Amino acid sequence: MFSRQALRRAAAGAGGQVRRLSQVQKLAVGGRGGRSTSSGKRVVVFGAGGFLGRYVCNVLGQQGHVTVLPNRGCEMEYRHLHPMFDLGQAAYPLYHGKDEASIRAAVAGADMVISLVGKQYETKAMVPTKRADGTTTRVNFTYEEANAVIPATIARIAKEEGADTFVHVSALNQDAESESAWARAKAMGEDMVKDAFPEATIIRPAVMFGSEDTFVNYFTAGAWFPFTPVVKDGEVLVQPVYVGDVARAVVNAMNSKKAAGKTYELVGPDEYTLREVAEYVYDLTGLPNNLLDVPVGALKLAGDVINNVPSFGRPFFTKDHAIMMATGSVKAADSPYGGLDALKVEPHTLEKIGWSYLHRHRAGGHFVLASGYHKDVKTD
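Here the structure is a predicted model, which means the values were calculated and not measured.

1. Looking at the overall build of the chain
Here comes step 1: Summing up its helical and strand segments, the chain has 12 helices and 15 strands in all.
Here comes step 2: With 380 residues in all, the chain has 48% of them scored as buried.
Here comes step 3: A separation threshold of at least 6 residues defines the contact pool for the chain, and within that pool the share at least 24 residues apart is 73%.

This is the structure:
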């Protein structure tokens, strides 16, 4: 197989004059475009198995990047990502966030590294286990480890291995002074990543919506319970951003030299109260509106109890969820950071995307149209 450099040299005639490439040579050098193209870049994405990760992988696959997707478990957990890449364009090595050798093996030879690593809860085992420092705990990864220490370790190793670009996804609500341990850990992560890789690009998305989200789907899931709790009567403001827009912004930042060392805050085009989001969901789906205003303190206590009940998988509610629900997610009017427009992404509204995954909750699914959101169809 000829290298791209060899093919370019072969295209040059005597005296270094460039000849016109044949169609076959053009395909070998760069491809036709799209998923079957070889961009010549090697990208490593940590945390690709999460909500945002699948959308980032889809964009990378569209651009023909050779992509390495390190994972901590069975390769089958990433099987939904396979169709996003052409044959042989993606690899799935195993790694562990506390094993630097496995991180280094995944990053070796990378041109670009993206860190999507992070958790909104502390992962726990069913029973307490002994950690390396001798303490006994049920926690596998703390907020600080998942959102700061591991991303910073990846950034440091990427720098040592000669990666040109590093993109770290944080959160709009990162705050070193926040009551939320998650928000504090996100702020710590930004600082630690910048220390390890000064040219890193930081992406701070607001709360994201999309088919697999825990934002809009919070209200659809809650409709099957006696009530769906909100705080401050649901009047807290949010500026949700479509996950697909964030994914494209992440990849655009990765591809732009101008984005190096910068921070971007990504929000959607519209502001809503949580109650407005909930009423939109109930109107579109026909699910019962069962919102119940709960004091913030009571909801934090309930989240703390739920989070500490021994169970497998993610807790459906935590103390940090309650704090963030009371905080909201809106970009400051005087924010000095660029947004989606700075990364050449046209934002999608919640109303534009919501129908595509909310209709499944209607009694008639997509065969029944919602009055007010679509043109009514008369049936005999």
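That shown, we press on.
2. Section: a negative patch on the surface
Here comes step 1: On the surface, E235, E276, E279 and D283 cluster together into a negatively charged patch.
Here comes step 2: On the accessibility criterion, E276 (42% relative accessible area) is partly exposed.

3. Observations concerning the nonpolar core
Here comes step 1: Of all hydrophobic cores here, the largest spans 72 residues; its most connected members are L52, V56, L69, I114, I203 and F219.
Here comes step 2: Top contributing element to this core by residue count: helix α8 (residues 243-255), with eight residues.
Here comes step 3: What L69 contacts, discounting residues up to four positions off in sequence, is V45, A48, C57, Y78, L81, F85, A91, Y92 and P93.

4. Things to note about the environment of A48
Here comes step 1: The topology assignment puts A48 in the loop between β1 (42-46) and α3 (51-62).
Here comes step 2: Judged by its relative accessible area of 0%, A48 is buried.
Here comes step 3: Sequence separation between A48 and L116 is 68 residues, and the spatial gap between their C-alpha atoms is 6.7 Å.
Here comes step 4: Non-local contacts of A48, meaning those with residues more than four positions away in its chain, are made with G53, R54, C57, L69, Y78, L81 and L116.

5. Looking at the packing of helix α9 (residues 274-285) against helix α12 (residues 350-358)
Here comes step 1: Packing of α9 against α12 leaves a shortest axis separation of 11 Å and a crossing angle of 45°. For the element pair α9 / α12, the angle class is oblique. As α9 runs across α12, the sense of the crossing is right-handed. Across the interface between the two elements, V277, Y280, V281, L284 and T285 of α9 pack against L350, E351, G354, W355 and L358 of α12.
Here comes step 2: In terms of residue class, the contact of α9 with α12 is built from seven nonpolar, two polar and one charged.

6. Describing helix α4 (residues 100-107)
Here comes step 1: Buried within α4 are the following residues: S102, I103, A106 and V107. With its buried residues spanning 130° around the axis, α4 presents them on a single face. Residues of α4 that are exposed and point over 90 degrees away from its buried face: A101 and A105.
Here comes step 2: Those residues of α4 that are buried are in contact with β1, β2 (66-68), β4 (112-115) and α5 (143-160).

7. Points about the pattern of salt bridges
Here comes step 1: Scanning the entire structure with this criterion turns up 11 salt bridges.
Here comes step 2: Here E100 and R156 are joined by a salt bridge, their closest N and O atoms 2.5 Å apart. Here E100, found in helix α4, pairs with R156, found in helix α5; they are 56 residues apart in sequence, far enough to count as distant.
Here comes step 3: Its relative accessible area of 34% is what places E100 among the partly exposed residues.
Here comes step 4: For R156, a relative accessible area of 28% translates into the label partly exposed.
Here comes step 5: One network of salt bridges, with partners in common, ties together E100, R104, R156, E160 and E161.

8. Overview of the sheet that holds strand β3 (residues 90-91)
Here comes step 1: Sheet architecture is open: seven strands sit in the order β3-β2-β1-β4-β7-β8-β13, paired in parallel fashion. Strand pairing shows two members of the sheet lacking a second neighbour, β3 and β13 (263-266), which therefore form its edges.
Here comes step 2: For strand β8 (residues 201-205) and β13, the ladder comprises four bridges, and the chain directions are parallel. Each residue of the ladder has a partner; that of I203, found in β13, is Y264.
Here comes step 3: Helix-sheet contacts for α4 involve β1, β2 and β4, and the interaxial angle to β1 is about 145°.

9. Examining α12
Here comes step 1: Taken residue by residue, α12 has L350, I353, G354, W355, Y357 and L358 as its buried positions.
Here comes step 2: Contact partners of the buried residues in α12: β9 (208-209), α7 (216-222), β12 (241-242), β14 (272-273) and α9.

10. Remarks on the pairing of β8
Here comes step 1: With respect to burial, β8 is a largely interior element, five of its five residues being buried.
Here comes step 2: By the alternation rule, side chains of β8 split into T201, I203 and P205 and I202 and R204, which are all buried.
Here comes step 3: Across three bridges, strand β7 (residues 165-169) lies against β8 in parallel orientation. Opposite V167, over in β8, you have T201 as the bridge partner.
Here comes step 4: For the segment spanning β7, helix α6 (residues 181-196) and β8, crossover handedness is right-handed.

11. Side note on the packing of α4 against α5
Helices that pack against each other are described as a pair by the angle of their axes relative to one another and the distance between those axes.
Here comes step 1: Orientation of α4 relative to α5, taken along the N-to-C sense of each, is 50°, at an axis distance of 10 Å. In this view, α4 runs oblique relative to α5, as classed from their interaxial angle. Classified by chirality, the crossing of α5 by α4 is right-handed. The segment α4 lies against α5, with E100, I103, R104 and V107 engaging T153, I154, R156, I157, A158 and E160.
Here comes step 2: Its residues assigned to classes, the contact of α4 with α5 comprises five nonpolar, one polar and four charged.

12. Notes on the environment of S39
Here comes step 1: In this structure, S39 sits in the loop between α2 (23-29) and β1.
Here comes step 2: Distance in space between the C-alpha atoms of S39 and L60 is 9.9 Å, their sequence separation being 21 residues.
Here comes step 3: Only 3.1 Å separates the side chain of S39 from the backbone nitrogen of K41, close enough to count as a polar contact.

So, how was this worked out
Residues numbered from 1 in each chain as written. Predicted model: local features only at pLDDT ≥ 70, side-chain atom pairs only at ≥ 80, totals over all residues. Heavy atoms only, no water. Helix = DSSP H or I, 4+ residues; strand = E, 2+ residues; numbered from the N terminus. Buried < 20%, exposed > 50% of the residue type's maximum accessible area, 1.4 Å probe, protein only. Contact = heavy atoms within 4.5 Å. Patch = residues over 30% accessible without salt bridge, like charges linked within 9 Å, V, L, I, M, F, W, Y side chains within 5 Å. Areas by Shrake-Rupley, 256 points an atom, 1.4 Å probe, with all protein chains shown as cover. Salt bridge = Lys/Arg side-chain N within 4 Å of Asp/Glu carboxyl O. Lys, Arg positive; Asp, Glu negative; His and termini not counted. Charge placed at Lys NZ, Arg CZ, Asp CG, Glu CD. Core = buried A, V, L, I, M, F, W, Y, C linked by side-chain atoms within 4.5 Å. Axes fitted to C-alpha atoms, helices over the stretch in contact; angles between N-to-C directions. Parallel < 35°, antiparallel > 145°, perpendicular 65-115°, else oblique. Left-handed = near helix turned anticlockwise from the far one by under 90°. Nonpolar A, V, L, I, M, F, W, Y, C, P; charged D, E, K, R; others polar. Arc of directions from axis to C-beta. Pairing = 2+ DSSP bridges. Right-handed = clockwise from strand over helix to strand, strands pointing away. Polar contact = N/O pair within 3.5 Å; in protein donor to acceptor, adjacent residues only side chain to side chain.

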